[in-house]
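So you can see what is in the structure, the chains are spelled out below.
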Amino acid sequence: MNQRTFHIRTYGCQMNESDSERIAGTLIDRGYSMVSTPDDAELVVLNTCSIRDGAENKVYSDLGRLRMLEAERGQPMKIAVAGCVAQQEGARILARDRGVNLVFGSRAISQLGDMLPRLEAGERLVEVDIHTRPDAPDSHVRPDPWRAFVTVMEGCDNHCAFCVVPATRGPEVSRAPEGIVDEVEQLAAAGCVEVTLLGQNVTSYGRGLSCGTDFAGLLERIHAVPGIRRIRYTTSHPKDFSERLMDTLARLPKVARHLHLPLQSGSNRVLERMGRGYTVAEYMRRIERIRALIPDIAVTTDMIVGFPGETGADFEQTLDAVRDIGYLNLYGFKYSRRPNTAALALDGHLDDEVRSARLEKLLTLQKAITLARHQSLVGSLREVLVEGVSRRNAERLSGRLEENLLVHFSGDPDWQGTFRTVRITSATSSALLGEDLGEEDPLETAGLADGKTFELTRGAVR
Ligand code: SF4
């Protein structure tokens, strides 16, 4: 077995994916090499997520499997637990599982390099301080050279009653804009064309920074980086989605015309119990405003059903909101009890049967809306950033539209990481099929590449 090898298993959201890239970069800088399975790894890192009910139990069963693997192969394995479960459970993990050597939270990634010699010397360590600043970008190992996650902030100062993030990722801290822009410039120089700006609540970026840059200002600076052609961002909070930000989004053509704006419930009563800080009408006004400014913008959302105290009438209001807004897609979740959250103390917790039935109804409704929205794109010409060969069909390529919609079409695998013009030929509720028309930029072809005001039908140049 090779020495100084590591394997990372990542659970959960894009923030965790980005954290795993940083963990991998730190380990490679310290002389480790990455392997694709734990079988031959000297160090295995589980980068965990605690968003789902039972996340801790899943981590403990994964740990059990790793220790069985270690016994089978007859070679020692060091195990590190990172991410939200690490943050939440801390030293309890070391106490419960003697096979774990290191527990560290997302704010401690920058200290991983310093902890490694102690880990290698046999110490068992815990580092879960949630107040460290996420300043300097560490080394990253990014899977693709043409696209990158860039973390712009960490943590969250909101206290939504269902959410573990403030407890696991700590208070909100924004990175200085200079460091972010430097990182994007370096990425662009290395061939990156698409960046996704990440934070728990990017719309409040800049709070606490002395320079006065807010998220709109940050977008302007990143938009000016030559070579970057598409900018994505997630996640936005409705209460911080300001007029200034909307105006900026409308002015910057490189920013993808896709807004992910979690509504969470269509009932004001439930929103108040969740502590979300807006009403349905306020949310709707923002959607109307952004659609007036960017008519072709695709809007997606997160929705939680079965929150404690949600009545049948509250749930019907959620369905009404989904119909009225006409989301391109939504991520629907059943409410689940999470440790250290205010919702645990609320009355009116609902049976799983009720929550499951509501989730199914919500997803069925959204599926029909998504299908209709996808079908409305058939016949349009769209710009697609090619991701590579389709995972389901080796004869096809997969790529994404601005709206993050997946398109499959025939083409050359060498087009990976380039933009193509594709005519959408058919649609299902999960993806689109298309035919390649060449590498020209459809906006360029239409003489619209400078981002002048233009008339588009459903985001397409027809
Ligand atoms: S805004 Fe609410 S849901 Fe989002 S990370 Fe913060 S506390 Fe969690």
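Remember, it's a predicted structure, so these values are computed and weren't measured experimentally.

This part is about the packing of helix 9 (residues 243-251) against helix 11 (residues 280-293). Contact geometry of helix 9 with helix 11 gives a least axis separation of 9 Å together with a crossing angle of 25 degrees. If you check the angle between helix 9 and helix 11, you find them roughly parallel. Note on packing geometry: the crossing formed by helix 9 with helix 11 is right-handed. Here helix 9 contributes Glu243, Met246, Asp247, Leu249 and Ala250 to the contact with helix 11, which in turn contributes Arg286, Arg289, Ile290 and Leu293.

This part takes up the nonpolar core. In terms of nonpolar packing, the biggest core is built from 65 residues, with Val195, Leu197, Phe215, Leu219 and Leu249 touching the most fellow members. If sequence neighbours within four positions are ignored, Leu249 has contacts with Leu219, Tyr233, Phe241, Val255, Ile290 and Ile294.

With respect to the helices and strands, the residue Arg169 is situated in helix 6 (residues 165-169). Here Glu154 takes part through its side chain, which lies 3.3 Å from a polar atom of the side chain of Arg169.

The next point concerns the environment of Ile424. Among the structural elements, Ile424 can be located in strand 18 (residues 419-427). Setting aside anything within four residues of it in sequence, one finds Ile424 in contact with Leu377, Val378, Gly379, Ser380, Arg382, Val407, Leu432, Leu433 and Gly434.

Scanning all chains against the criterion turns up five aromatic pairs. Ring geometry for Tyr278 and Tyr283: centres 6.2 Å apart, planes at 35 degrees, overall tilted. Of the two residues, Tyr278 and Tyr283, neither departs from the other in class, the shared state being buried. Taken together, the ring pairs in this structure connect Phe162, Phe307 and Tyr335 into an aromatic cluster. In this arrangement the basic side chain of Arg96 is found over the ring face of Tyr60, its NZ or CZ atom lying 3.7 Å from the centre. When the ring centre of Phe419 is taken as reference, the NZ or CZ atom of Arg229 above it lies at 4.0 Å.

Pairing is mixed around the closed barrel formed by five strands, whose spatial order is 15-16-17-19-18. On average, each strand axis in the sheet is inclined to that of its neighbour by 55 degrees, with strand direction left out of account. One ladder, built from four bridges, connects strand 15 (residues 381-389) with strand 16 (residues 397-400); its direction is antiparallel. When the sheet's bridge partners are listed, Leu385 is paired in strand 16 with Arg400.

Quick look at the pattern of salt bridges now. Per the stated rule, a full pass over the model turns up 39 salt bridges. The partner of Arg273 in a salt bridge is Asp347, with the nearest N and O atoms 3.1 Å apart. Of the two residues, Arg273 sits in helix 10 (residues 268-274) while Asp347 sits in the loop between strand 14 (329-334) and helix 13 (352-375), which places them 74 residues apart along the sequence. Owing to a relative accessible area of 54%, Asp347 belongs among the exposed residues under this scheme.

At the junction of Thr234 and Thr235, the peptide bond is cis and its omega measures out at 5 degrees in the coordinates. With respect to the secondary-structure elements, Thr235 resides in the loop between strand 11 (230-234) and helix 9. The backbone phi angle of Gln264 is positive, close to 75 degrees, even though this residue is not glycine. Its location among the elements puts Gln264 in the loop between strand 12 (258-260) and helix 10.

Take the packing of helix 1 (residues 14-29) against helix 5 (residues 112-120) next. Two elements in contact, helix 1 and helix 5, have axes separated by 10 Å at closest approach and are oriented at 55 degrees. Looking at the two axes, helix 1 sits oblique to helix 5. Helix 1 and helix 5 meet at a crossing whose hand is right-handed. Here Ile23, Thr26 and Leu27 of helix 1 come into contact with helix 5, specifically with Leu112, Gly113 and Leu116. When its residues are assigned to classes, the contact of helix 1 with helix 5 shows four nonpolar, two polar and no charged.

Our next topic: the confidence of the model for the chain. Taken over all residues, the pLDDT of the chain has a mean of 90, while the share at 70 or more is 92%. When the criterion is pLDDT under 50, residues 445-462 qualifies, and its contacts beyond four places in sequence or with other chains add up to 28 contacts.

Turning our attention to the domain arrangement of the chain. The domain boundaries assigned to the chain delineate domain 1 (5-127) and domain 2 (381-445). Placing a centre on the C-alpha atoms of domain 1 and another on those of domain 2 gives a separation of 36 Å.

For the rest of this paragraph, the subject is the sheet that holds strand 7 (residues 147-151). Read across the open sheet, the three strands follow the order 7-10-11; overall the sheet is parallel. Each having just a single partner strand, strand 7 and strand 11 make up the two edges of the open sheet. Averaged over all neighbouring strand pairs, the angle between strand axes comes to 20 degrees, with direction disregarded. As paired strands, strand 10 (residues 194-198) and strand 11 are joined by five bridges and run parallel to one another. Counterpart to Leu197 in the pairing with strand 11 is Tyr233. Helix 7 (residues 177-189) contacts strand 7 and strand 10 of the sheet and is inclined by roughly 170 degrees relative to strand 7.

All residues adjacent to the ligand are Cys156, Asn158, Cys160, Phe162, Cys163, Val165, Pro166, Gln200, His237 and Arg276. Classifying every residue of the shell around the ligand gives six nonpolar, three polar and one charged.

How each quantity is defined
Residues numbered from 1 in each chain as written. Predicted model: local features only at pLDDT ≥ 70, side-chain atom pairs only at ≥ 80, totals over all residues. Heavy atoms only, no water. Axes fitted to C-alpha atoms, helices over the stretch in contact; angles between N-to-C directions. Helix = DSSP H or I, 4+ residues; strand = E, 2+ residues; numbered from the N terminus. Parallel < 35°, antiparallel > 145°, perpendicular 65-115°, else oblique. Left-handed = near helix turned anticlockwise from the far one by under 90°. Contact = heavy atoms within 4.5 Å. Core = buried A, V, L, I, M, F, W, Y, C linked by side-chain atoms within 4.5 Å. Buried < 20%, exposed > 50% of the residue type's maximum accessible area, 1.4 Å probe, protein only. Polar contact = N/O pair within 3.5 Å; in protein donor to acceptor, adjacent residues only side chain to side chain. Phe/Tyr/Trp six-rings, centres within 6.5 Å; stacked < 30°, edge-to-face > 60°. Lys NZ or Arg CZ within 6 Å of the ring centre and 35° of its normal. Pairing = 2+ DSSP bridges. Salt bridge = Lys/Arg side-chain N within 4 Å of Asp/Glu carboxyl O. Nonpolar A, V, L, I, M, F, W, Y, C, P; charged D, E, K, R; others polar. pLDDT = per-residue confidence, 0-100. Domains from an automatic or database assignment. Near = heavy atom within 4 Å.

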